[in-house]
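Residue strings, one per chain:
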Amino acid sequence: MNPLKPRSRRRVAPEGPGDGMRDSALPQVACDQDRRRVLGIAGAVALALAPGLSLIAYAQSGSPAGAAASARTRWGLLIDTAKCTPSCTACVTACSSYNGWKNEGRPTDPQWIRKVQVSDPSTGFSRSVPVMCQHCANAPCVEVCPTGASFKRADGIVLVDRHICIGCRYCMMACPYKARSFVSENLSDQKPWAPRGKGTVEGCTLCVPRVDAGKVPACVEACAREGNGAMTFGDLNDPASPIRRALAQHPAVQLRADLLLDTGVRYEGL
Amino acid sequence: MSVVHYREIAGRSPGYWGLVALLTAFVAAGLTAAWFMEHIGHIITGMTNQVVWGMPHVFAVFLIVAASGALNVASIASVFGKVAYKPLARLSGLLAVALLIGGLSILVLDLGRPDRLVVAMTHYNFRSIFAWNIFLYTGFVAVTGFYLWVMMERRLNRYTRMVGTAAFLWRLILTTGTGSIFGFLVARAPYDEAIMAPMFIVMSFSFGLAIFLLVLMAACKGTGRPLGDVTLMRLKNLLGVFAAGVLYFLLAFHITKLYEAEFRGAEAFLLLNGGIYTFLFWFGAVFLGGVLPMLLFWLPQTRRSRAAVGWGSASVVVGGLALMYDIIIGGQAWPLSIFPGMHVSSSFYDGVVNFYAPSLPECALGLGGCALAMLLILLALRLLPFLPESVLDDSGESHSAVAGTSTAPGAA
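Residues numbered from 1 in each chain as written. Chains lettered and ligands numbered in written order. Predicted model: local features only at pLDDT ≥ 70, side-chain atom pairs only at ≥ 80, totals over all residues. Heavy atoms only, no water.

A tally of regular secondary structure across chain B gives 13 helices and 3 strands. Counting the 412 residues in chain B, one finds 58% classified as buried. Of the contacts made within chain B by residues no fewer than 6 positions apart, 80% connect residues no fewer than 24 positions apart. When the accessible surface of chain B is summed, it comes to about 16100 Å², and 71% of that surface belongs to carbon and sulfur atoms. (Helix = DSSP H or I, 4+ residues; strand = E, 2+ residues; numbered from the N terminus. Buried < 20%, exposed > 50% of the residue type's maximum accessible area, 1.4 Å probe, protein only. Contact = heavy atoms within 4.5 Å. Areas by Shrake-Rupley, 256 points an atom, 1.4 Å probe, with all protein chains shown as cover.)

Written as C-alpha cells, this is what we have:
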C-alpha cells in the first residue's frame, strides 16, 4: 500500500460541525435522511439475519461509514432555480464556514461555490444559480491531472488528493465550470475535516465527511434552513430517492450538457 | 571536400565571462523569484483563479516548442541526408537540449508544489497529456543527448542516421503533445482544436530555427569563425518558409473558429477588440513573427544582408513570444461559457474578461529559464567541441562530416 495515498478514497469517519444539527428539521432533506436511517436500521437487522438482504439495503442507501465508497451509489444534487433567490447566499456562507475558505473579493480568493446571476438577453428571463463542482462522471479535471490527484470516488464525488497534487493547475484549465481554486497563500484556521494546502488545487467536495456520516452537504442543509429549500441531495442511482423522483417528474438540465460530462449536479427551471 | 574540425571555444575573453556573469545573474534572479513564489505563495504573481497560467508558462512553452525546432538543422543533416548541414548538427542538438531544460525548469519551479517533483515522476495518470509530456520531455533530452554522443563519438557515427531519425520522430510527437495540452481543452473556446498540435509543430520549426540562427551567428562572430553566406542564406530562406507556415496555420485555425458560431465571441475578442491581445496577435504574431521576417529575408534590398538575417530571426523570436502570450494568456482572459447565450455575472468574475498583469517574480522566473538555456549553451561550447572551426559554403569549400557517409555537396 502506498503510504502517500490518503484514505480519502474510502469513506472517512464522521466529523465536523453540524453533527449535532437536526436534519429532521429540514423539509427538503428530511425524507431522504429518514429513508436512509430506516434503511440503515433495516440493513443492520438484515446483516444479522441475512447477508444477502443487507447488500440490497446498502445498494439503496450508500455504504456504511468506514466502508469504501460504492459504485452502487451516485451522489447528486438537484437545484430548483425557481426557488433560488438572488439575494440568498446561504449555501455559499455555509460552504465557506464548514470548509474554512474565505472570499474577500480578491481574484486569488477561493470560491468553492458561488451564486451566478443568469439572464437571457433576448427575453429578460433571469435566474440566480449556485455553481460548484458538478461532480462529472466524465470529469475533465480527472482526465487531465498528470498525477491522478484529481480523482473520482466510486460514488461519483470528485475530489483532489492534496498529498499528490503538484499544483500544475491543468485541472483548472480543463474544468468547464470554473469550479476549482488554487491556494495562493499561507493558510490558517483550517478545519480538520477539510484540509487545504498552499500550492494545491481545491474545490467542492460535496462535504464528503458529512455525506460519509450519513448527512447532507452543508449547502443543502443551509438552503433548507435559511433559503427556500431549492437543493435536493441524494442518490441518483436510487429510483426511490427524492432526487430521482424529482428528476423523473420535472425537466432538469446539466450545465454544458453538450460536453456529455454526465454531471452529478442538475438544474431545474433553467 | 574537407573534413570538419570541431573545436571548443576558448572562453577566456572578458566578453565571454561577462556574458556568463550576466546570465548567471538572471538565473539567480529566477531562482530567487521561485523561492519567494514557493514560500509566500503565488499571491505575489499576477496569476489568479481566472488566469491560472501566466508569464512563466509563456516563456516555458515558448522554450519547449523552440527546443523541438532547434533540432531542425540536425534533422536535415542526419535524416534527410543534406551533408552541407552536418557541421551544424551538433550545435543544433545542443540547443535543443538546452532550450528544453530551460523551459522545463520554469515549468517545474512554477508548480504550486515544486518540492513534489518526485511525485510527478512516480504517480502517473496515463489519460493525461501532461503525464505523457513528462515522458516526452525527459525522453527527448535522453534521445537528443544520445544523438549528440553518436555524432561526437567517431566509433558510433554510423548510427547517426538511425538515432537522428528517432530524435526527429520524438520531437514531432513531443510538440504534438505540447500543442495538445491546449487542443484538448474542450471547454475553452479559444482552444479546443486538433489543429493546435500541427500548428505548434510548425511554430517549433520557426522559433527553433530563428534561435539557432541567432546563436550560430553570435557564436561565429564572437569566436571569429567564418560562416559561409550560402549556408546562412539557405537557412534564412527555410526560416522564411517556416514563418509563412505559421501564418498559414494561424489563418486555418482562426477561420475554423470563425466558422463555428459558438466561438465567434472569443474570436472577436482575440482578433478585433481584445486590446493588448488583439495588438499582440496582429502586430506581434502576424507582423513581427511572419510578415517582417519574410520582407527582410526576401526583399531585393535586404535579401543578401546578414544583418537582415539577424533582425529577421530576432523578429521571429519576439513574434513567437507574442503569439505564445496571446494563446496562453489571451485564451484564459476570455471567460468560460458555462451558460451559452446568457448574460452572466458573479463574485467569481463569471462573464467578464479576466484581468492579468505579469508580476516581476513571474518575469524573473521566465527570463531566468531563458538565461539558463543560454548559459548551458555557453558553457557547453567551452567544454566540448560542438562548434565547427568554420562553416564555409559548399561551393568549393564544402565539408563532409567527420565520418559522413556522403561526399556529395548538400543542397538545401
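From N to C terminus, chain A includes 8 helices and 10 strands. Per-residue burial over chain A gives 58% buried out of 270 residues. Sequence-distant contacts in chain A: of pairs separated by 6 or more residues, those separated by 24 or more amount to 63%. Roughly 10500 Å² of accessible area belongs to chain A as shown, and the carbon and sulfur atoms make up 58% of that amount.

Turning our attention to a nonpolar patch on the surface. Residue and element names in this part refer to chain B. Together, Leu19, Leu22, Phe26 and Leu367 make up an exposed nonpolar region whose accessible area comes to about 330 Å². Here the nonpolar patch takes 3 residues from helix α1 (residues 14-40), the largest share from any one element. Structurally, the position occupied by Leu19 is in helix α1. We classify Leu19 as partly exposed; its relative accessible area is 40%. (Patch = residues over 30% accessible without salt bridge, like charges linked within 9 Å, V, L, I, M, F, W, Y side chains within 5 Å. Salt bridge = Lys/Arg side-chain N within 4 Å of Asp/Glu carboxyl O.)

So, about the packing of aromatic side chains. Within the structure shown, the criterion is met by 25 aromatic pairs over all chains. Arranged with centres 6.0 Å apart and planes meeting at 85 degrees, the rings of Trp53 of chain B and Phe182 of chain B form a pair that is edge-to-face. In this pair, Trp53 of chain B is assigned in the loop between α1 and α2 (55-70) and Phe182 of chain B in helix α7 (residues 160-183), connecting sequence segments 129 residues apart. Exposure class is identical for Trp53 of chain B and Phe182 of chain B. Each is buried. Taken together, the ring pairs connect Tyr170 of chain A together with Trp53, Phe130, Phe182, Tyr191 and Phe200 of chain B into an aromatic cluster. Here the guanidinium or amino end of Arg90 of chain B rests over the ring plane of Tyr6 of chain B, the centre of that ring lying 3.6 Å away. (Phe/Tyr/Trp six-rings, centres within 6.5 Å; stacked < 30°, edge-to-face > 60°. Lys NZ or Arg CZ within 6 Å of the ring centre and 35° of its normal.)

A few words on the sheet that holds strand β8 (residues 231-235) of chain A. Residue and element names in this part refer to chain A. Across the sheet, 4 strands lie side by side as β8-β1-β10-β9; this open sheet has mixed pairing. Here the strands that pair on one side only, and so sit at the sheet edges, are β8 and β9 (252-253). Note that strand β1 (residues 75-80) and β8 share 5 bridges and pair antiparallel. Its bridge partner being in β8, Leu77 is matched across the sheet by Phe233. (Pairing = 2+ DSSP bridges.)

Strand order across the open sheet formed by 3 strands is β3(A)-β2(A)-β2(B), with antiparallel pairing between neighbours. Each edge of the open sheet is held by one strand with a lone partner, namely β3 (126-132) of chain A together with β2 (343-346) of chain B. Averaged over all pairs of adjacent strands, the angle between their axes in this sheet comes to 30 degrees, without regard to strand direction. The pairing of strand β2 (residues 113-119) of chain A with β3 of chain A spans 7 bridges and is antiparallel. Bridged to Ser119 of chain A within β3 of chain A is Ser126 of chain A. Helix α3 (residues 90-99) of chain A rests against β2 and β3 of chain A of the sheet, and its axis sits at about 160 degrees to β2 of chain A. (Axes fitted to C-alpha atoms, helices over the stretch in contact; angles between N-to-C directions.)

This brings us to the environment of Val246 of chain B. Residues and elements named next belong to chain B. Here Val246 lies in helix α9 (residues 229-259). As for Val246 and Pro198, which are separated by 48 residues in sequence, their C-alpha atoms are 9.9 Å apart. Those residues within four positions of Val246 in sequence are excluded, and the remaining contacts are Val202, Met203, Ser206 and Leu323.

Opposite the 54 residues of chain B that make contact, chain A presents 57 residues. Here chain B meets chain A over a buried area of about 4600 Å², counting both sides, of which 57% is carbon and sulfur. For the interface between chain B and chain A, the tally reads 3 salt bridges. Note that Asp110 of chain B and Arg169 of chain A form a salt bridge whose closest N and O atoms lie 3.0 Å from each other. If you list the elements that add at least two residues to the side of chain B that touches chain A, you get α1, α5 (117-122), α6 (129-152), α7 and β2 of chain B. In terms of residues, the side of chain B that touches chain A owes the most to one element, β2 of chain B, which gives 4 residues. Across 4 bridges, the pairing between β2 of chain A and β2 of chain B is antiparallel. Looking across to β2 of chain B, one finds that Val118 of chain A is bridged to Val344 of chain B. (Buried area = accessible area lost by both parts, 1.4 Å probe.)

On to the pairing of strand β10 (residues 265-268) of chain A, then. Residues and elements named next belong to chain A. The side-chain alternation of β10 yields two buried faces, one formed by Val265 and Tyr267 and the other by Arg266 and Glu268. Across 4 bridges, β1 lies against β10 in parallel orientation. If you follow Asp80 over to β10, its bridge partner there is Glu268. Inspection of the sheet shows β9 paired to β10 by 2 bridges, in the antiparallel sense. Across the sheet, the residue bridging to Ala252 is Glu268, located in β10.

With that out of the way, let us pick up the pattern of salt bridges. Inspection of every chain in the model, using the stated rule, returns 21 salt bridges over all chains. The shortest N-O distance in the salt bridge between Glu153 of chain B and Arg155 of chain B comes to 2.9 Å. Take Glu153 of chain B: its relative accessible area is 21%, and that puts it in the partly exposed class. Residue classification places Arg155 of chain B among the exposed residues on the basis of a relative accessible area of 64%. Connected through salt bridges with shared partners, the residues Glu104, Arg106, Asp109 and Glu185 of chain A form a single ionic network.

Let us now look at the environment of Val119 of chain B. With respect to the helices and strands, the residue Val119 of chain B is situated in helix α5. Using a relative accessible area of 7% as the deciding quantity, one classes Val119 of chain B as buried. Setting aside residues up to four positions removed in sequence, Val119 of chain B forms contacts with Thr147, Ile164 and Ile166 of chain A.

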